[in-house]
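As a plain string of letters, each chain reads:
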Amino acid sequence: IVRILIVEDEILVAMELEETLNDLGHTVVGIAPDRRTFEAFAAGEIDVALVDLNLRDGETGVDIGRALADRRAAVIFVTANPGLLRDGVAGTIGVLPKPATRKAVADVVEYAGRRSPLLSPPGELRLFA
């Protein structure tokens, strides 16, 4: 079981991710649409975070992703604008372009949850250097 935080301000996208992750047997610890809500979850145990870039309070996703990576969470950015991340964000794993299929989400979470260099990354995931 992987404990996952969804950082997404589009509620329908967040709910679809939550349903997919619950169906896979994972635990969604919460949905954070902005930095203030993220702070409420930040002290808890988070294994993997799926983080959008543009949130309710602006382009705060990169900072949230960095903060989660500092707390040892495996961070995957999920965004319709993957090009904005160019060379990536230190400490984070990579980016999954939106829209993402249920299988792509499942594969990325499994990859991030295991954090094994022996696993090949899912095809949809662009790894950061």
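Here goes a summary of the coordinates provided. As the structure is a computational prediction, the values presented were derived from the model and not from experiment. (Residues numbered from 1 in each chain as written. Predicted model: local features only at pLDDT ≥ 70, side-chain atom pairs only at ≥ 80, totals over all residues. Heavy atoms only, no water.)

## Points about unusual backbone geometry
Moving on, step 1. In this structure, Pro-99 follows Lys-98 across a cis peptide bond, with omega equal to -5°.
Moving on, step 2. In this structure, Arg-72 is a non-glycine residue whose phi angle is positive, near 75°.
Moving on, step 3. By the element assignment, Arg-72 lies in the loop between α3 (61–70) and β4 (74–79).
Moving on, step 4. Given a relative accessible area of 68%, Arg-72 falls into the exposed group. (Helix = DSSP H or I, 4+ residues; strand = E, 2+ residues; numbered from the N terminus. Buried < 20%, exposed > 50% of the residue type's maximum accessible area, 1.4 Å probe, protein only.)

## Quick word on the packing of aromatic side chains
The relative placement of two aromatic rings is captured by the distance of their centres and the angle of their planes.
Moving on, step 1. All told, the structure shown has one aromatic pair when counted by the stated rule.
Moving on, step 2. On the basis of an interplanar angle of 50° and a centroid distance of 6.3 Å, the ring pair of Phe-77 and Phe-128 is categorised as tilted. Of this pair, Phe-77 sits in strand β4 while Phe-128 sits in the segment after β6 (126–127), and the two are 51 residues apart along the sequence. Both residues of the pair, Phe-77 and Phe-128, belong to the buried class. (Phe/Tyr/Trp six-rings, centres within 6.5 Å; stacked < 30°, edge-to-face > 60°.)

## Points about the sheet that holds strand β5 (residues 94–97)
Moving on, step 1. The six strands are arranged β2-β1-β3-β4-β5-β6 in an open sheet whose pairing can be described as mixed. Edge positions in the sheet fall to β2 (27–32) and β6, since each of these pairs with one other strand and no more.
Moving on, step 2. Across the sheet, helix α2 (residues 35–42) lies against β1 (3–7) and β2, angled at about 150° from β2, the strand it touches most.
Moving on, step 3. Relative to strand β3 (residues 48–51), helix α4 (residues 102–114) is tilted by about 135°, and along the sheet it contacts β1, β3, β4, β5 and β6. (Pairing = 2+ DSSP bridges. Contact = heavy atoms within 4.5 Å. Axes fitted to C-alpha atoms, helices over the stretch in contact; angles between N-to-C directions.)

## With respect to the nonpolar core
Moving on, step 1. The biggest cluster of nonpolar side chains holds 21 residues, and the ones touching the most others in it are Leu-21, Leu-50 and Ile-76.
Moving on, step 2. Breaking this core down by element, the ones donating at least two residues are β1, α1 (11–23), β3, β4 and α4.
Moving on, step 3. The element contributing the most residues to this core is α4, with six residues.
Moving on, step 4. If near-sequence neighbours (up to four positions away) are discounted, Leu-50 is found in contact with Ile-4, Leu-5, Ile-6, Val-7, Leu-17, Leu-21, Ile-76, Val-78, Val-105 and Val-109. (Core = buried A, V, L, I, M, F, W, Y, C linked by side-chain atoms within 4.5 Å.)

## Some remarks on the pattern of salt bridges
Moving on, step 1. Under the criterion given, the structure shown has eleven salt bridges.
Moving on, step 2. One salt bridge in this structure joins Lys-98 and Glu-8, with 2.7 Å as the shortest N-O distance. With a gap of 90 residues between them, Lys-98 in the loop between β5 and α4 and Glu-8 in the loop between β1 and α1 connect regions that are remote in the sequence.
Moving on, step 3. For Lys-98, a relative accessible area of 19% translates into the label buried.
Moving on, step 4. Between Lys-98 and Asp-52 there is a salt bridge, with the nearest N and O atoms lying 3.1 Å from each other. Taken together, the residues Lys-98 in the loop between β5 and α4 and Asp-52 in the loop between β3 and α3 connect sequence positions 46 residues apart. This pair shows no difference in class: Lys-98 is buried, exactly as Asp-52 is. (Salt bridge = Lys/Arg side-chain N within 4 Å of Asp/Glu carboxyl O.)

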